[in-house]
2 protein chains.
Amino acid sequence: MLLSGTVVADSATVIDNGAVVVDGTTIEAVGEREALVDQYPDHERREYDIIAPGMVGSHIHSVQSLGRGIADDTELLDWLFDHILPMEGSMSAEEMRTAATLGYLELVESGTTTCIDHLSVSHADQAFEAAGEVGIRALMGKVLMDKESPEALQEDTEDALAESERLIQQYHGAFGDRVRYAVTPRFAVTCSEACLRGARRLADEYDGVRIHTHASENLGEIAAVEKDTGMRNVHWLDEVGLTGEDVVLAHCVHTDASEREVLAETGTHVTHCPSSNMKLASGIAPVLDYLDRGINVALGNDGPPCNNTLDPFTEMRQASLLQKVDELNPTALPAATAFEMSTINGAKAAGFETLGELKPGWKADIVGLRTDTSRATPVHDVLSHLVFATHGDDVAFTMVDGEVLLDDGDVVGVDAESVRAQAQEYADQYS
Amino acid sequence: MLLSGTVVADSATVIDNGAVVVDGTTIEAVGEREALVDQYPDHERREYDIIAPGMVGSHIHSVQSLGRGIADDTELLDWLFDHILPMEGSMSAEEMRTAATLGYLELVESGTTTCIDHLSVSHADQAFEAAGEVGIRALMGKVLMDKESPEALQEDTEDALAESERLIQQYHGAFGDRVRYAVTPRFAVTCSEACLRGARRLADEYDGVRIHTHASENLGEIAAVEKDTGMRNVHWLDEVGLTGEDVVLAHCVHTDASEREVLAETGTHVTHCPSSNMKLASGIAPVLDYLDRGINVALGNDGPPCNNTLDPFTEMRQASLLQKVDELNPTALPAATAFEMSTINGAKAAGFETLGELKPGWKADIVGLRTDTSRATPVHDVLSHLVFATHGDDVAFTMVDGEVLLDDGDVVGVDAESVRAQAQEYADQYS
């Protein structure tokens, strides 16, 4: 396939009248449209206004999709313990499948081609199968909770780790290596030391398996960990093995200088979730300091209940705007940085190689946008336009691994309308 | 016409399976769909998922539309003096007409039915005519700048006031009283005392004419005013007559307690512009304190160069999220408050009576949303859904004064495609 338009190949490379040629699962060529049309005259052609790398949503809760808007404007602990966790704890396998499918549909429809997905304790198989069906690229894992958790969610440590291992054996590298496994403790508050150390053991034992958890999102969490362990949260995670180049920590809103040193020294990845941090009033993460220290910072929407959208373009804009106002500096976190966080940095966090930029030999994870709308007119700088003016509804074409998942705005191979109807029906029982 | 769907009549009234009946320019009835269909069997019917009052964008720069994305990630003074003002200063009448039309199209397409529009120094007629053509409701005025301004924009005080008076006589109450005049000093820094007092004189002389200006958006502005006048900005404005129930001050990010008292005592309206304040790094306005003091706070997108969208739904969400993170309180500025700011509070600021809620006898300014998308599924609470999950692209129907301006997503009576093409051509000369 030959995709043409203004090609934003990476944060520093824009090709007007450009094209990207795809063969099989990878990109064959990137360059001027005219030359590539001559060179590949028989390739099927698609024309969009902007062609860009697929976005990477580096912290998502697809299975919370039934809870979009379930408890807006609510205190954090009430939100979590009275709404989100009870919903997760009582969802059936069928509900989990529908919720995950809805989440992946929303992602694919708005331009996310890879997600790092924090599932729930039960029915993780359903999300893996849904990712297989929708065709999204994902790093994901069943959630571990073995202490201080609601009864419906708390598991025995060894059972939880054994179930994780079964899922690794079944799904890590599945669907043509599109789907990989992350061992996923919920957070230090609800995981015993044995559980956290067990997560590290599994990640070490299975090649390519990574670790994904929440960390230092809010002050109550940090105080609880410090009370239990005598350590700041990141130091505790480091102590039990949950730092390193294969670890993705979501949020990291509240860290001190010594914790940031640990993150930088160990190569731990951080996922910034600006909309969620705003809506749940967690605080403003020190993203610029992380970037200055060389920490890889990716971008995530978090779950539909705390955002309430999985649109990656909205999140790029939010990341930039939030740092600007926090620093009182309009040049802070410019468009190019937001774009990198949402593409190449996310790819690094998810551990997929040759992903996140449009380059020959790299994975054919590509989006095409149509911007012939009043709200996206005029265009001055395409990269900046992508970050500040476009959003997920402009995405008309989504490709993962060379497969077309969204074609002229329509999802391929999944009956999206039925999924939405089923999701609303399931959602009606939760409040 | 009979519009049916889930009717959000105001921030406290949601009618499932509701309907709104329109006759002429006003709302005839609001209630249960079944009863109203029986009562008005011959009315033309339209069905949407959500029916809501049209949004009020209470601080907009439609004529800056050619500059969307013109200088993102730029220092405020460079942004203003090297990009925005030079563009405004050199735009022809035709460019001004196209820019304003594009702005109004974007507003109508995304659900704004009334705007308070800050034009430019020259060619204000073009924007009035564009508002007449598109059909939007507007309070607007030519900008006054008579000191410390770029040469192309600075005018003689009396000339500027005389031109304002001519425009008042020509356009105040035009197009069936859809369009009204606001005398519009740019801000205290670029307006002499005579100019500001002249604005008050005009507003007093002509019934229904209001005053709209920027105030206390950033610290440099406040310091400049204090240096010139020895007063804090709001005190200076109060001194020269620019406070009161007919005055709308955009931004008010930095005010002290004594200024807030003046705003409250005088009934001055404040327009909060959260995305603009974030992107330009102005700061976070004390919206909750204003509301606590009984100050009427409306909501605005500001101009396309500093947002970069005029979507009112995005702005409601942003207003809520920004206060939550600033206050570290997830219950701050809940959905109902954001909705009021974007509807009834805006109507009060703009000075249009019987506007901003769906009530019998009130103005038929109404929007219809389609939400049959993955990103807007499921719905738990409709009002909260409108604020946190929907956005302007969900708006399929827009009515102002009983006239349909957007019908099934298509603009009525204006060739939007030609306007966009012309806008891009004009925009290409600016950078």
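Look above for the structure.
We now turn to the structure provided with this report. (Residues numbered from 1 in each chain as written. Chains lettered and ligands numbered in written order. Predicted model: local features only at pLDDT ≥ 70, side-chain atom pairs only at ≥ 80, totals over all residues. Heavy atoms only, no water.)

## As for helix H3 (residues 93–109) of chain B
Inference 1: The end-to-end C-alpha distance of H3(B), which contains 17 residues, comes to 24 Å, matching closely the 24 Å that a straight helix rising 1.5 Å per residue would cover.
Inference 2: Phi turns positive, to about 100°, at B:Gly111, one or two residues after H3(B). (Helix = DSSP H or I, 4+ residues; strand = E, 2+ residues; numbered from the N terminus. Expected span 1.5 Å × (residues − 1).)

## Considering the packing of aromatic side chains
Inference 1: By the definition in use, this model includes six aromatic pairs over all chains.
Inference 2: With 5.7 Å between their ring centres and 5° between their planes, A:Phe128 and A:Tyr181 make a pair best called stacked. A residue pair is termed long-range when its members are at least 10 positions apart, and A:Phe128 in helix H4 (residues 124–134) and A:Tyr181 in strand S9 (residues 179–185) qualify at 53 residues. You'll find A:Phe128 and A:Tyr181 in the same group, each marked buried.
Inference 3: Through successive ring pairs, a cluster of aromatic residues spans A:Phe128, A:Tyr171 and A:Tyr181.
Inference 4: For the cation-ring pair, A:Lys279 lies above B:Phe388, with the distance from its terminal atom to the ring centre recorded as 5.0 Å.
Inference 5: The cationic tip of B:Arg137 hangs over the ring face of B:Phe352; the distance from NZ or CZ to the ring centre is 5.2 Å. (Phe/Tyr/Trp six-rings, centres within 6.5 Å; stacked < 30°, edge-to-face > 60°. Buried < 20%, exposed > 50% of the residue type's maximum accessible area, 1.4 Å probe, protein only. Lys NZ or Arg CZ within 6 Å of the ring centre and 35° of its normal.)

## Details of the sheet that holds strand S4 (residues 45–53) of chain A
All names here are of chain A.
Inference 1: As summarised here, the arrangement of the eight strands in space is S3-S2-S1-S4-S14-S15-S16-S17, forming an open sheet in which the pairing is mixed. Of all strands in the sheet, those bounded by a partner on one side alone are strand S3 (26–32) and strand S17 (410–411).
Inference 2: Across seven bridges, the pairing between strand S1 (residues 2–10) and strand S2 (residues 13–23) is antiparallel. The residue of S2 that forms the bridge with Ser-4 is Ala-19. (Pairing = 2+ DSSP bridges.)

## Examining the relation of the copies chain A and chain B
Inference 1: For these two chains of identical sequence, chain A goes onto chain B by a turn of 180° and a shift of 0.0 Å along the axis, with RMSD 0.0 Å. Given the turn and translation reported, the copies of this chain are related as if by a two-fold rotation axis. When each C-alpha of chain A is compared by its distance to the rotation axis, A:Asp393 comes out closest, at 3.8 Å.
Inference 2: Counting the interface residues of chain A, we find that 100% of their copies in chain B are interface residues as well, pointing to one common contact surface. (Least-squares fit on C-alpha atoms with pLDDT ≥ 70 in both. Contact = heavy atoms within 4.5 Å.)

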